[in-house]
Amino acid sequence: MAEQKPPFYITTAISYVNGSPHLGHAYEQILTDTMARFKRLDGHEVMFLTGTDEHGQKVAKTAEAKGMEPKAFCDLISQEFVGMTQMLNISNDDFIRTTEPRHYKASQAIWNAIKENNPEDIYLGKYEGWYSVRDEAYFAESELTEGVDTQGNKYKLAPTGAPVAWVEEESYFFRLSAYTEKLLDYYAAHPNFIQPDARRNEVISFVKGNLQDISISRTNFSWGVPVPGDDKHVMYVWLDALTNYITGIGYPETGGDDYKKFWPADYHVIGKDIIRFHCVYWPAFLMAAGLELPKAVFAHGFINVNGAKMSKSVGNVIAPNDLIETYGLDQTRYLLMREVPHGQDGNFAHEHAVQRINSDLANGLGNLVQRSLSMIHKNCDAKIPKPNVYTDDDKKLLDHAHNRLIRPVMEEVDNMRFHRALEKIWRLVNDANIYVDTQAPWALKKEDPERMNTVLYVLAEVIRVLGIATSAVTPESSAKILDQIKIPEDERHFGMINDEYSLPSDFEIDKPEGIFPRLDEAEKAA
Ligand code: MSP
């Protein structure tokens with residue numbers, strides 16, 4: 001009996017609907033999707049949640065500027081994000097919108113749970129301080145910098161570069177100051193909670209630097225979840241937004257199947273700009289509500305374009321569908337996963353993209369599959385041949401595919417190091433291409449057909465393994481590879497990667513068709 005693997009719950013940040021999806025959002029979705037797909041391939045039951053963050057002043061103001069009711073505006077933009085997940089072939093199990101009734105219920109329930117468990121932790125007061133609408137965040141005076149406009153007027157800026165405004169309003173506060181020690185203890189006891197390490201250090205020094213209580217309700221606008229029992233207040237958008245991670249698995253039904261199975265989450269995948277909310281506020285809210293904390297938060301870097309930050313004003317924002325049209329979907333997914341190092345910023349540059357796609361996909365995997373299967377088609381009556389005696393070279397390649405691929409790959413995957421996981425898979429692609437060149441099966445047809453059969457069988461088997469191993473990153477193309485060699489759908493998982501399940505012989509395969517076309521560098525300028 002195969003061992004039963006634990007369920008796995010992974011989430012993306014939920015995107016603000018104040019603007020259309022861009023490459024940064026696409027990157028986060030693909031990153032999370034890759035993890036979800038790898039875990040499913042490895043036999044885990046996976047819950048993958050993504051969605052949209054629709055409340056708060058930023059969205060309300062954008063809707064107003066467009067002359068639309070907030071809900072109608074949210075419906076429109078949220079649909080664009082749903083469209084993006086479909087276009088990117090994201091395998092999310094649910095898509096949450098914070099304007100859904102289930103989410104109002106969960107947000108109000110967590111508020112009540114905090115009040116019930118720790119009545120002192122929520123208190124009414126007056127907020128006087130700085131607020132950045134763009135970040136939907138409060139900042140202390142000490143964190144601000146000063147800018148000067150063209151008329152010489154001074155103004156204050158958040159550390160993110162966003163403008164801040166002075167706010168004075170009645171507000172409920174959360175007693176975050178009471179959580180300093182508890183948070184530090186938690187980080188110490190769970191060294192993997194904040195990843196990568198550099199982010200962890202950043203959070204620890206923020207927490208050590210004197211946590212202030214935070215305002216968790218607003219009264220000067222109404223686009224949000226009403227505070228239970230005092231509906232002239234709406235909940236602070238981040239308290240509402242963070243709660244999505246438990247709404248999606250049925251909170252407040254903590255006895256429900258999904259909640260019991262999937263909470264605490266294995267990974268919240270987010271961008272580096274929102275770690276404070278995920279690694280300080282969220283765990284403190286959960287502790288206060290008497291709920292378990294997620295196992296890990298992984299903060300990825302930002303995607304830059306030709307070395308510059310993507311920005312509307314610079315005009316270098318890349319829409320995900322532009323890339324897909326230029327390179328193809330799986331090529332884009334591969335590129336982002338292969339090129340962006342763990343937790344760091346990634347740079348997008350066209351020339352580099354073309355080179356990478358051509359070398360790894362067109363000339364690497366694509367060529368291996370095409371030439372091997374074409375030879376089988378042509379020289380073996382389109383049937384997978386029977387292997388004869390294995391030489392050391394054959395054994396070595398098969399051993400690599402069966403015994404030395406998936407576990408090392410999954411070690412990288414478990415730490416969100418997809419560039420390394422792919423590097424490891426592509427070592428097998430390269431070894432297999434070298435094997436084709438050195439065995440030269442095309443030359444064996446006349447002089448030693450049995451040897452040719454063995455070589456082509458070994459190649460078909462390695463292609464089967466590669467088809468399965470790559471399918472988290474290039475799902476559609478990998479499925480085409482596996483279709484060509486007639487692997488049944490239910491045999492496309494890591495449990496099938498060993499010699500016990502090697503390809504049978506003598507069955508007919510399709511005429512191979514190219515999977516990854518070669519890109520022409522000059523023609524395809526993005
Ligand atoms: N709504 C909040 C998240 C709430 S989660 C409870 C938010 N939304 S966002 O639309 O601004 O960003 C969504 C995600 O995209 C964040 O994780 C953010 O870091 C990420 N990215 C936004 N721009 C990005 C890049 N240029 N590159 C990579 N990811 C970036 O924050």
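Residues numbered from 1 in each chain as written. Predicted model: local features only at pLDDT ≥ 70, side-chain atom pairs only at ≥ 80, totals over all residues. Heavy atoms only, no water.

### Section: the overall build of the protein
Check the secondary structure of the protein and you find 19 helices and 19 strands. The C-alpha atoms of the protein give 26 Å as radius of gyration, which agrees with the globular expectation for 526 residues (24 Å, within 12%). Across its three principal directions, the C-alpha atoms of the protein cover 90 × 55 × 40 Å. By residue count, 58% of the 526 residues in the protein fall in the buried class. Expressed as a percentage of contacts within the protein between residues at least 6 apart in sequence, the contacts between residues at least 24 apart total 78%. Accessible area for the protein stands at about 22500 Å²; split by element, carbon and sulfur atoms hold 48% of it. (Helix = DSSP H or I, 4+ residues; strand = E, 2+ residues; numbered from the N terminus. Rg over C-alpha atoms; globule rule 2.2 N^0.38 Å. Buried < 20%, exposed > 50% of the residue type's maximum accessible area, 1.4 Å probe, protein only. Contact = heavy atoms within 4.5 Å. Areas by Shrake-Rupley, 256 points an atom, 1.4 Å probe, with all protein chains shown as cover.)

### What about helix α19 (residues 475-484)?
All of the buried residues along α19 are Pro-475, Ser-477, Ser-478, Ile-481, Leu-482 and Gln-484. Directly after α19, the chain includes Lys-486, whose backbone phi takes a positive value near 60°.

### What to know about the sheet that holds strand β17 (residues 303-305)
Read from one edge to the other, the open sheet built from three strands follows the order β18-β17-β19, with strand pairing classed as mixed. Two strands close off the open sheet at either side, each with one partner strand: β18 (308-309) and β19 (346-348). In this sheet, β18 lies alongside β17 in antiparallel orientation, the contact comprising two bridges. Bridge pairing links Val-305 to Ala-308 in β18. (Pairing = 2+ DSSP bridges.)

### Re helix α15 (residues 406-414)
Buried within α15 we find Ile-406, Val-409, Met-410, Glu-412 and Val-413. The buried residues of α15 occupy an angular sector of 155° when projected down its axis, which confines them to one face. If you follow the buried residues of α15, they end up packed against α1 (23-41), α16 (418-439) and α18 (449-469). Phi for Met-416, located one or two positions after α15, is positive at around 60°. (Arc of directions from axis to C-beta.)

### Let's talk about the packing of aromatic side chains
Inspection of the entire model under this criterion finds 24 aromatic pairs. An angle of 15° between the planes, with centres 5.5 Å apart, marks the rings of Tyr-123 and Phe-173 as stacked. Taken together, the residues span a long stretch of sequence, with Tyr-123 in strand β5 (residues 122-132) and Phe-173 in strand β9 (residues 165-174) at a distance of 50 residues. Judged by its relative accessible area of 9%, Phe-173 is buried. Put simply, the rings of Tyr-9, Tyr-245, Tyr-251, Tyr-259, Phe-262, Trp-263 and Trp-282 pair up and form one aromatic cluster. Here the guanidinium or amino end of Lys-182 rests over the ring plane of Tyr-179, the centre of that ring lying 4.5 Å away. Above the face of the Tyr-131 ring, Arg-218 is positioned so that its terminal group lies 4.4 Å from the ring centre. (Phe/Tyr/Trp six-rings, centres within 6.5 Å; stacked < 30°, edge-to-face > 60°. Lys NZ or Arg CZ within 6 Å of the ring centre and 35° of its normal.)

### Regarding the sheet that holds strand β6 (residues 137-139)
One open sheet holds the four strands; their spatial order is β6-β5-β9-β11, and the pairing between them is antiparallel. The open sheet terminates on both sides in strands that have one partner only, identified here as β6 and β11 (214-215). Relative to β6, β5 runs antiparallel, the two sharing three bridges. Within the sheet, the bridge partner assigned to Tyr-131 lies in β6 and is Tyr-138. Of the strands in this sheet, β6, β9 and β11 are in contact with helix α10 (residues 275-289), which crosses β9 at around 30°. (Axes fitted to C-alpha atoms, helices over the stretch in contact; angles between N-to-C directions.)

### Focus on the nonpolar core
In this structure, Phe-38, Tyr-267, Met-337, Ile-384 and Val-462 are the most contacted members of the largest nonpolar core, which totals 107 residues. Ranked by residue count, the leading element in this core is α18, at 13 residues. Residues Ile-14, Val-227, Leu-239 and Ile-274 belong to the second largest nonpolar core, which totals 77 residues. (Core = buried A, V, L, I, M, F, W, Y, C linked by side-chain atoms within 4.5 Å.)

### Remarks on the pairing of β9
The pairing of β5 with β9 spans ten bridges and is antiparallel. Its bridge partner being in β9, Gly-125 is matched across the sheet by Ser-171. Strand direction decides the pairing type here: β9 and β11, joined by two bridges, are antiparallel. The residue of β11 that forms the bridge with Phe-174 is Ile-214.

### Considerations on empty space enclosed by the protein
Applying the stated criterion across every chain yields a total of two cavities of 30 Å³ or more. Roughly 90 Å³ of volume is contained in the largest cavity. Residue lining of the largest cavity: Ile-303, Leu-335, Leu-336, Glu-339, Val-340, Gly-346, Asn-347, Phe-348, Ala-349, His-352 and Ala-353, and that is the complete set. Secondary-structure elements contributing two or more residues to the lining of the largest cavity are α12 (329-339), β19 and α13 (350-379). (1 Å grid on protein atoms, 1.4 Å probe; cavity = no way out; pocket = protein on both sides within 12 Å on 5 of 7 lines; lining within 4 Å. Points joined across faces, edges and corners; volume = space filled by probe spheres on them.)

In short, shape yes, function no, at least from these values alone.
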